[in-house]
Amino acid sequence: DRYQRRVREIELKMKIDNLIQFLKEEENEVFFLGEAVRASGTLALSFGAWWLLRNLVLPRLQELTLKTKNKSDEFFVGQIRDINPTFFFITSLFLTSRATTLNPVLSNILYTSFLCASSYVLITIISNTIAFYLRPWKESEPQIERKEMMENSELVVKILLWVCAALFILDNVGYNISTLTASLGIGGVAVALASQAVLKDAFSSLVLHIDRPFKMGDVIDLNGKMGTVKKVGLKTTQLEGLDGELLVVSNYQLTEGTIRNFNNTAFRRSSFKLKLTPETKIEKVKQVRQMVESIFEELKNDATLMWFGLISADGTGVNFEGAYKVLSSDYGKFISVQEKLNLRLLEEMEKQQLVFAVPMKKCCST
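These numbers come from a predicted model, not from an experiment. (Residues numbered from 1 in each chain as written. Predicted model: local features only at pLDDT ≥ 70, side-chain atom pairs only at ≥ 80, totals over all residues. Heavy atoms only, no water.)

### Regarding the overall build of the protein
Point 1. When helices and strands are counted, the protein shows ten helices and eight strands.
Point 2. Sorting the 366 residues of the protein into buried and exposed places 30% on the buried side.
Point 3. Of the contacts made within the protein by residues no fewer than 6 positions apart, 62% connect residues no fewer than 24 positions apart.
Point 4. Just so you have it, the protein exposes about 24,900 Å², and 61% of that area is on carbon and sulfur atoms. (Helix = DSSP H or I, 4+ residues; strand = E, 2+ residues; numbered from the N terminus. Buried < 20%, exposed > 50% of the residue type's maximum accessible area, 1.4 Å probe, protein only. Contact = heavy atoms within 4.5 Å. Areas by Shrake-Rupley, 256 points an atom, 1.4 Å probe, with all protein chains shown as cover.)

### Section: the nonpolar core
If you look at soluble globular proteins, the nonpolar side chains tend to sit buried side by side.
Point 1. Membership of the largest hydrophobic core comes to 22 residues, with the highest contact counts inside it found for Val288 and Val292.
Point 2. Counting residues per element, the ones that place at least two in this core are β6 (268–276), α9 (282–298), β7 (303–314), β8 (317–326) and α10 (331–351).
Point 3. With six residues, α9 is the largest single contributor of residues to this core.
Point 4. The residues touching Val288, leaving out its near neighbours within four places in the chain, are Leu274, Leu276, Phe308, Phe320 and Leu354. (Core = buried A, V, L, I, M, F, W, Y, C linked by side-chain atoms within 4.5 Å.)

### Some details on the packing of α9 against α10
Point 1. The geometry of α9 relative to α10 is characterised by a closest axis approach of 10 Å and an angle of 140° between their N-to-C directions. Relative to α10, the element α9 is oriented oblique. The crossing of α9 and α10 is right-handed. Taking contact as the criterion, the partners of Met291, Val292, Ile295, Phe296 and Glu298 in α9 are, on α10, Leu341, Arg344, Leu345, Glu348 and Met349.
Point 2. Looking at side-chain class alone, the contact of α9 with α10 contains seven nonpolar, no polar and three charged residues. (Axes fitted to C-alpha atoms, helices over the stretch in contact; angles between N-to-C directions. Parallel < 35°, antiparallel > 145°, perpendicular 65-115°, else oblique. Left-handed = near helix turned anticlockwise from the far one by under 90°. Nonpolar A, V, L, I, M, F, W, Y, C, P; charged D, E, K, R; others polar.)

### Remarks on the environment of Ser127
Point 1. By secondary structure assignment, the location of Ser127 is in helix α4 (residues 104–140).
Point 2. Ser127 gets classed as buried once you look at its relative accessible area, which sits at 9%.
Point 3. Between the C-alpha atoms of Ser127 and Glu154, which are 27 residues apart in sequence, the distance is 7.5 Å.
Point 4. In this view, Ser127 contacts Lys158 and Leu161; residues no more than four positions away in its chain are not counted.

### Thoughts on empty space enclosed by the protein
Point 1. In total, this model carries two cavities of 30 Å³ or more according to the counting rule given.
Point 2. Residue lining of the second largest cavity: Ser127, Ile130, Ala131, Glu154, Val157 and Lys158, and that is the complete set.
Point 3. For the lining of the second largest cavity, the residue count by class is three nonpolar, one polar and two charged. (1 Å grid on protein atoms, 1.4 Å probe; cavity = no way out; pocket = protein on both sides within 12 Å on 5 of 7 lines; lining within 4 Å. Points joined across faces, edges and corners; volume = space filled by probe spheres on them.)

### Things to note about α9
Point 1. The end-to-end C-alpha distance of α9 is 26 Å, a good match for the 24 Å that 17 residues give at a rise of 1.5 Å each.
Point 2. A bend of about 25° at Val288 is the largest found in α9.
Point 3. Among all positions in α9, only Val285, Val288, Met291, Val292, Ile295 and Phe296 are buried.
Point 4. Its buried side turned inward, α9 meets β6, β7, β8 and α10. (Expected span 1.5 Å × (residues − 1). Bend = angle between axes of the 7 residues up to and from the residue.)

### What about the sheet that holds strand β5 (residues 259–261)?
Point 1. Strand order in the open sheet formed by five strands is β4-β3-β2-β1-β5, and the pairing between neighbours is antiparallel. Of all strands in the sheet, those with a lone pairing partner are β4 (246–250) and β5, marking the two edges. Neighbouring strand axes in the sheet, compared pairwise and without regard to direction, differ in orientation by 40° on average.
Point 2. Bridging between strand β2 (residues 225–232) and strand β3 (residues 236–241) involves five bridges; their strand directions are antiparallel. Looking across to β3, one finds that Val229 is bridged to Leu239. (Pairing = 2+ DSSP bridges.)

### Overview of the pattern of salt bridges
Point 1. A complete count under the given rule lists eleven salt bridges for this structure.
Point 2. Here Glu240 makes a salt bridge to Lys230, at a shortest N to O gap of 3.3 Å. Note that Glu240 is positioned in strand β3 and Lys230 in strand β2, a separation of ten residues in sequence.
Point 3. The partner of Glu347 in a salt bridge is Arg344, and the shortest N-O contact between them spans 2.8 Å. With Glu347 and Arg344 both in helix α10 and three residues apart, the pair spans about one turn of that helix.
Point 4. By relative accessible area, which is 16% here, Arg344 ends up buried. (Salt bridge = Lys/Arg side-chain N within 4 Å of Asp/Glu carboxyl O.)

### Things to note about the pairing of β6
Point 1. Of the two faces of β6, the one holding Arg268, Ser270, Phe272, Leu274 and Leu276 is buried and the one holding Arg269, Ser271, Lys273 and Lys275 is not buried anywhere.
Point 2. The pairing of β6 with β8 spans nine bridges and is classified as antiparallel. Residue pairing for β8: Ser271 is matched across the bridge by Ala323.

### Thoughts on a nonpolar patch on the surface
Point 1. Residues Trp51, Leu52, Leu56, Val57, Leu61 and Leu64 make up a contiguous nonpolar surface patch of roughly 520 Å² in combined accessible area.
Point 2. By secondary structure assignment, the location of Leu64 is in helix α1 (residues 2–66). (Patch = residues over 30% accessible without salt bridge, like charges linked within 9 Å, V, L, I, M, F, W, Y side chains within 5 Å.)

### Side note on the sheet that holds β7
Point 1. Sheet architecture is open: three strands sit in the order β6-β8-β7, paired in antiparallel fashion. With partners counted over all chains shown, the strands left at the sheet margins are β6 and β7, one partner each. Put simply, the sheet's adjacent strands are angled 15° from each other on average, direction ignored.
Point 2. Relative to β7, α9 is tilted by about 165°, and along the sheet it contacts β6, β7 and β8.

### Quick look at unusual backbone geometry
Point 1. Its identity as a non-glycine residue notwithstanding, Gln353 has a phi of 60°, on the positive side.
Point 2. For Gln353, the location among the structural elements is in the segment after α10.
Point 3. The exposure class of Gln353 is exposed, given its relative accessible area of 65%.

This is the structure:
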């Protein structure tokens with residue numbers, strides 16, 4: 001009896017173990033079936049939302065944007081329309097991985113892929129937005145250098161965006177970026193200290209492009225350095241001197257110094273002096289004003305006499321002084337008018353037998 005009872009207990013235990021194993025298998029099958037349903041449902045919803053967006057929502061929005069005068073709404077609808085379908089596919093897989101239980105390695109791969117795809121789409125939209133709003137300025141800007149400056153600025157913004165995106169992705173996938181950012185900060189400080197002059201000139205170049213105190217081809221004077229602007233670079237500005245020499249001026253000096261721009265005026269002003277000998281007769285002296293006024297009457301299309309008069313008369317000579325303005329901001333025109341004036345003064349003085357006073361020299365004897 002004891003033996004048979006022991007056999008029955010063993011048989012009962014085996015039956016219970018078999019039942020538990022069967023229930024576990026059934027539970028796994030039900031769990032797997034539930035995971036499959038959730039995954040299929042998530043994929044179906046994701047692709048359904050993408051299909052509705054591409055085929056119903058976006059075409060309707062595009063029709064509405066065509067009825068408005070604002071180009072911004074049409075631009076942003078176009079940006080959404082141009083998103084690569086691969087992004088929606090990766091997003092669908094990522095959402096599916098979050099709705100189900102997957103292998104950790106595969107789940108991390110999908111998460112990293114989603115971060116990379118999202119960063120790419122976001123940076124593309126931001127870059128295109130910056131280019132969209134800068135395009136009218138670039139098209140209306142006649143200077144090639146300023147267009148290049150805008151393009152370089154866009155490139156710098158893109159590089160900064162990609163650096164920020166890379167740091168964001170590394171931080172979210174588990175890498176400790178504190179050491180990396182600290183190293184970058186220390187390196188940046190070291191580079192900044194080592195290149196203070198370069199950074200000053202670079203920021204000054206940006207200020208010159210924004211403030212625009214002059215443009216290409218303008219004749220400017222900076223603390224006695226006079227020339228025609230040929231190129232505004234990142235560190236220096238190149239001027240062509242009056243004698244044809246190349247003047248290279250630091251951009252920082254341009255922002256700190258006083259700039260005289262001769263092209264921003266409608267005319268150029270100049271003065272002249274006449275000094276006749278002390279022996280000149282009073283009748284001749286009285287005719288000088290009439291002589292000068294008649295010369296400027298001939299030059300009325302190019303220059304205007306502002307004032308002229310007898311300043312002083314002493315033992316060294318009879319001194320006249322006057323001022324006039326040339327009706328053009330062009331430096332070449334100014335020189336040409338000045339030459340005409342000087343030639344006419346010499347001709348008239350020769351006709352009227354007027355003689356320039358010779359400077360007296362002091363002699364010393366010992």
